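# Per-entry structural report
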Amino acid sequence: SESMSRLGDRMNVKLSQSAQETEEHKNKRVTAKHELLTLLETLESEREVSSKLRDSIKFTFTPKALSQQQILKESLREFEHELARLSTRLGRPLPPSNSTPAEVFAIEGDDDEDMDASGSASIRRTRSEIDSTHLLANLEDETQRVSQCIMALTSNIERLHILIAQSGERTCATLFSDLLAGAAGASDSVGETAPM
């Protein structure tokens with residue numbers, strides 16, 4: 001009977017250990033499930049943010065950059081034309097441009113969709129990664145073209161300043177100041193020659 005009692009005690013201990021291990025495994029599974037659900041929620045919210053950013057780049061930022069680029073190109077063409085007319089009117093040669101029109105007005109198409117950031121062929125990228133990379137590359141290209149147009153505009157404004165400085169002609173401001181100086185000098189000389 002004593003051996004049966006010891007055997008019963010051992011079985012109770014093993015049963016208790018087994019129940020404890022089962023409870024620990026259950027707690028670990030619950031914790032892992034909670035962590036997995038939290039990770040899934042985070043992933044879903046990141047996916048939403050990523051989707052919104054992709055849409056903003058595709059439908060807002062890139063079209064705005066393209067529109068600004070077109071407006072700048074049109075303004076540059078008109079400015080260049082008016083600068084040439086002013087040069088002809090003043091009879092002065094037009095200063096050379098720092099940037100070539102072909103460089104500013106060219107539209108190159110870069111389709112490096114199969115290349116990653118380092119320029120090497122990509123190995124297994126998701127469609128989302130390819131789309132995001134392509135959209136960011138398009139945005140970068142358009143903003144670079146806007147920057148080129150701004151630099152060309154700055155160059156043309158410098159050419160305008162050089163052309164005006166070379167002309168040596170009187171401007172409205174110099175004519176007005178000469179008139180004021182002449183009027184002041186005339187009133188001084190009238191005051192000196194008037195009989196007292």
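Given the structure is predicted, the values throughout are model-derived calculations rather than measurements. (Residues numbered from 1 in each chain as written. Predicted model: local features only at pLDDT ≥ 70, side-chain atom pairs only at ≥ 80, totals over all residues. Heavy atoms only, no water.)

## A short note on the environment of Asn-156
Secondary-structure assignment places Asn-156 in helix H3 (residues 127-167). Asn-156 sits 61 residues away from Pro-95 along the chain, and the two C-alpha atoms are 9.2 Å apart. Filtering out sequence-adjacent residues up to four positions away, Asn-156 remains in contact with Leu-76, Phe-79, Glu-80, Leu-83 and Ser-97. In terms of polar contacts, Asn-156 uses its side chain to reach the side chain of Arg-159, at 2.9 Å. (Helix = DSSP H or I, 4+ residues; strand = E, 2+ residues; numbered from the N terminus. Contact = heavy atoms within 4.5 Å. Polar contact = N/O pair within 3.5 Å; in protein donor to acceptor, adjacent residues only side chain to side chain.)

## Brief notes about helix H1 (residues 2-90)
Taking 1.5 Å as the rise per residue, H1 with 89 residues should run 132 Å; its terminal C-alpha atoms sit 125 Å apart, in good agreement. Maximum bend of H1: about 40°, positioned at Ile-57. Every buried residue belonging to H1 is among Ile-57, Thr-62, Ala-65, Gln-69, Leu-72, Lys-73, Leu-76, Leu-83, Leu-86, Ser-87 and Leu-90, and all of these are buried. Just beyond H1, the residue with positive phi is Gly-91, at close to 70°. (Expected span 1.5 Å × (residues − 1). Bend = angle between axes of the 7 residues up to and from the residue. Buried < 20%, exposed > 50% of the residue type's maximum accessible area, 1.4 Å probe, protein only.)

## Remarks on the confidence of the model for the protein chain
The predicted model of the protein chain has a mean per-residue pLDDT of 78, with 72% of residues at 70 or higher. Across the protein chain, the element-wise mean pLDDT spans from 50 in helix H2 (residues 101-105) up to 90 in H1. Between residues 107-122, whose pLDDT stays under 50, and residues either more than four places distant or in other chains, the model counts 17 contacts. (pLDDT = per-residue confidence, 0-100.)

## Some details on the nonpolar core
Across soluble globular proteins, nonpolar side chains show a tendency to be buried alongside one another. Listed in full, the 5 residues of the largest apolar core are Leu-72, Leu-76, Val-146, Cys-149 and Ala-152. When contributions to this core are tallied by element, the ones reaching two or more residues are H1 and H3. A per-element tally of this core places H3 first, with 3 residues. Apart from the residues within four sequence positions on either side, Val-146 is in contact with Ala-65, Gln-68, Gln-69 and Leu-72. (Core = buried A, V, L, I, M, F, W, Y, C linked by side-chain atoms within 4.5 Å.)

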